[in-house]
Amino acid sequence: MASLNKIMLIGNLGQDPELRYTPEGNPVANFSIAVTYRRRVNEEMQDETEWFNDEIIGTKHVDFFVKRSINYSKKTQSVTADDLF
């Protein structure tokens with residue numbers, strides 16, 4: 001039976017994205033996203049942060065999108081990552 005899982009992260013970039021290329025010339029962007037949430041611990045609200053490392057692997061057809069995303073994304077900027085797996 002087939003299934004579909006979807007994840008959406010809304011947070012801030014932990015560092016400027018890094019752009020590199022595969023031997024075939026496809027762009028690969030690596031970045032980290034910090035997602036902070038509030039939870040109650042012993043009657044006190046505390047902020048907790050989880051870090052997610054992500055990678056976008058483009059093809060020659062979506063090369064423009066990957067490069068544009070990396071060029072305009074900087075550390076601490078709010079971002080949304082949406083993926084299916």
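Please refer to the structure placed before this passage.
Rules used in this analysis
- Residues numbered from 1 in each chain as written.
- Predicted model: local features only at pLDDT ≥ 70, side-chain atom pairs only at ≥ 80, totals over all residues.
- Heavy atoms only, no water.
- Core = buried A, V, L, I, M, F, W, Y, C linked by side-chain atoms within 4.5 Å.
- Buried < 20%, exposed > 50% of the residue type's maximum accessible area, 1.4 Å probe, protein only.
- Helix = DSSP H or I, 4+ residues; strand = E, 2+ residues; numbered from the N terminus.

1. Quick word on the nonpolar core
A general trend in soluble globular proteins is that nonpolar side chains are found buried together.
Consideration 1: In this structure, Leu-9, Leu-13, Phe-31, Ile-33 and Val-35 together form the largest nonpolar core, which totals 5 residues.
Consideration 2: Broken down by secondary-structure element, the contributors of at least two residues to this core are β1 (6-13) and β3 (27-41).
Consideration 3: In terms of residue count, the dominant contributor to this core is β3 (3 residues).

2. Here's the deal with unusual backbone geometry
Consideration 1: In this structure, Asn-42 is a non-glycine residue whose phi angle is positive, near 50 degrees.
Consideration 2: With a relative accessible area of 73%, Asn-42 lands in the exposed category.
Consideration 3: With phi around 65 degrees, Glu-43 is a residue other than glycine that occupies positive phi space.
Consideration 4: Judged by relative accessible area, Glu-43 falls into the exposed class, the value being 69%.

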